[in-house]
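This is what each chain is made of:
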Amino acid sequence: MTTLPFPLDFRARAKVLGSSTLYEASHLPCAVDSAIRPIWDGAFIAAPAYPLECSPGDNLALHLAMERVPRGSVLVVGTGGFIAGYWGEVLTVAAEAAGVVGLVIDGGVRDIAALKKRQFPVFARGISVKGTVKASAPSVGQPFNFNGAFVAPGDLVVADDDGVIIIPKADAARTLAEGEARANKEAQMMQALTEGRSTLELMNLTDWRTRA
């Protein structure tokens, strides 16, 4: 039996922790450009990545990906930051049929009302009514540097209201464990705060009371 490189309960545990805690716990340069934001509040993704790159104003690679993407994946799409409507309701329906669980793209999307209604998680740099051509596909399913974080097939993407991180699959189990330890420590700190302790005391910063 093949051993998965990440825990089966990754999504549930990642949702409890959130992207910020997991980023701090990873100790890795895994944060994506903060300008890539959820299209609707509360959107959440925690799934293996399927990376692809589009030429500026060209979404052919997305259509090719629909025939190749493993079910349960999130599409991580590089466009060079070009804002156009690479993705809309038609590709959302196609993605749902293909078992895709979300989209992270450094370009633009459209048909926002439909995406919200379908509750399909999308994180994008912008929104644009402009259409795209279908003439080239730089890469489909190949690793690349995505806006500050390297992404390869099967790496773990976590995206929520705080931002987007991409954790190398080899580091997923460790990051989860360290994230949970961090969350437990913070829970104890917050309990102490409610009991009257100060952050200066709990973080060993009391020397600054007389230095600042």
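Provided above is the structure to which this section pertains.
Positions within a chain are numbered from 1, following the residues in the order the chain's sequence is written. Whole-chain, interface and lining totals are the exception, using all residues; otherwise, since this is a predicted model, local features are given only for residues with pLDDT of at least 70 and side-chain atom pairs are given and counted only at 80 or more. Note that water and hydrogens are dropped before the side-chain values are worked out from all heavy atoms of the structure.

(A) Quick peek at the packing of helix H1 (residues 10–26) against helix H5 (residues 172–194). Note on geometry: axes are C-alpha line fits, over the in-contact stretch for helices, and angles between N-to-C directions span 0 to 180 degrees. Going along the chain from the N terminus, every DSSP run of H or I of four or more residues is numbered as a helix, and every run of E of two or more is numbered as a strand. Their axes nearest at 8 Å, the elements H1 and H5 cross at an angle of 85 degrees. In terms of their interaxial angle, H1 and H5 are classed as roughly perpendicular. Contacts from Phe10, Arg13, Ala14, Leu17, Thr21, Leu22, Glu24, Ala25 and Ser26 of H1 reach H5 at Ala172, Arg174, Thr175, Leu176, Ala177, Glu178, Gly179, Glu180, Arg182 and Ala183. In this classification, the charged set is Asp, Glu, Lys and Arg, the nonpolar set is Ala, Val, Leu, Ile, Met, Phe, Trp, Tyr, Cys and Pro, and all remaining amino acids, among them Gly, are polar. Looking at side-chain class alone, the contact of H1 with H5 contains nine nonpolar, four polar and six charged residues. By the definition adopted for this analysis, an angle is roughly parallel if under 35 degrees, roughly antiparallel if over 145, roughly perpendicular if from 65 to 115, and oblique otherwise. In what follows, a contact means two residues having at least one pair of non-hydrogen atoms within 4.5 Å.

(B) Layout of unusual backbone geometry. Positive phi values are uncommon outside glycine, yet His27 reaches one of about 55 degrees. Within the secondary structure, His27 sits in the loop between H1 and strand S1 (37–38). Partly exposed describes any residue whose relative accessible area lies between the buried limit of under 20% and the exposed limit of over 50%, with all areas from a 1.4 Å probe on protein chains only and scaled to the type maximum. His27 sits in the exposed class, given a relative accessible area of 62%. With phi around 55 degrees, Asn204 is a residue other than glycine that occupies positive phi space. Within the secondary structure, Asn204 is located in the segment after helix H6 (199–202).

(C) Summary view of the layout of surface pockets. In this structure, the largest pocket spans a volume of roughly 160 Å³. Cavities and pockets are found on a 1 Å grid laid over the protein atoms alone: a cavity is a set of points where a 1.4 Å probe fits but cannot escape, a pocket is an open set with protein on both sides within 12 Å along at least five of seven lines, and a lining residue has an atom within 4 Å of such a point. Around the largest pocket, the lining comprises 14 residues; the ones closest to its centre are Asn59, Gly85, Tyr86, Gly88 and Arg110. Grid points are joined across faces, edges and corners, and a volume is the space filled by probe spheres set on the points.

(D) Structural context of the nonpolar core. Counting 46 residues, the largest nonpolar core has Leu75, Trp87 and Val109 as the members making the most contacts within it. No other element matches strand S2 (residues 45–53), which puts five residues into this core. Those residues within four positions of Val109 in sequence are excluded, and the remaining contacts are Ile39, Ala84, Gly85, Trp87, Leu103, Leu115, Val122, Ala124, Gly126, Ile127 and Ser128. In this text, buried Ala, Val, Leu, Ile, Met, Phe, Trp, Tyr and Cys residues form a nonpolar core when linked through side-chain atoms within 4.5 Å. Listed in part, the 13 residues of the second largest apolar core include Phe10, Leu17, Val158 and Leu176.

(E) The arrangement of the side chain of Thr21 in detail. With respect to the secondary-structure elements, Thr21 resides in helix H1. Non-local contacts of Thr21, meaning those with residues more than four positions away in its chain, are made with Gly179 and Arg182.

(F) Inspection of the packing of aromatic side chains at higher detail. The pairing test for Phe, Tyr and Trp rings, Trp by its six-membered ring, is centres within 6.5 Å, and the orientation test on the planes gives stacked under 30 degrees, edge-to-face over 60, and tilted for anything in between. Considering all chains together, one arrives at two aromatic pairs under this definition. Residues Trp87 and Phe120 carry aromatic rings whose centres are separated by 5.9 Å and whose planes lie at 15 degrees to one another, so their mutual orientation is stacked. Here Phe120 lies in the loop between helix H4 (112–118) and strand S6 (122–127) and Trp87 lies in strand S4 (residues 85–87), a separation of 33 residues in the sequence. Taken together, a centroid distance of 6.1 Å and an interplanar angle of 85 degrees make the contact between Phe144 and Phe146 edge-to-face. Phe146 gets classed as buried once you look at its relative accessible area, which sits at 0%. Lysine NZ or arginine CZ positioned within 6 Å of the ring centre and within 35 degrees of the ring normal marks a charge as sitting over the ring. For Arg211, the ring lying beneath its charged end belongs to Trp208, and the centroid distance is 4.2 Å.

(G) Spotlight on helix H3 (residues 89–98). Taken together, the buried positions of H3 are Leu91, Thr92, Ala95 and Ala98. Along the axis of H3, the buried positions cluster into a sector of 125 degrees, meaning they face one direction only. Residues of H3 that are exposed and point more than 90 degrees away from the buried face comprise Val90 and Ala97. Packed against the buried residues of H3 are helix H2 (60–65), S4 and H4. Two residues or fewer after H3 comes Gly99, characterised by a positive phi angle close to 85 degrees. Think of it as the arc spanned by the lines of direction from the helix axis to the C-beta atoms.

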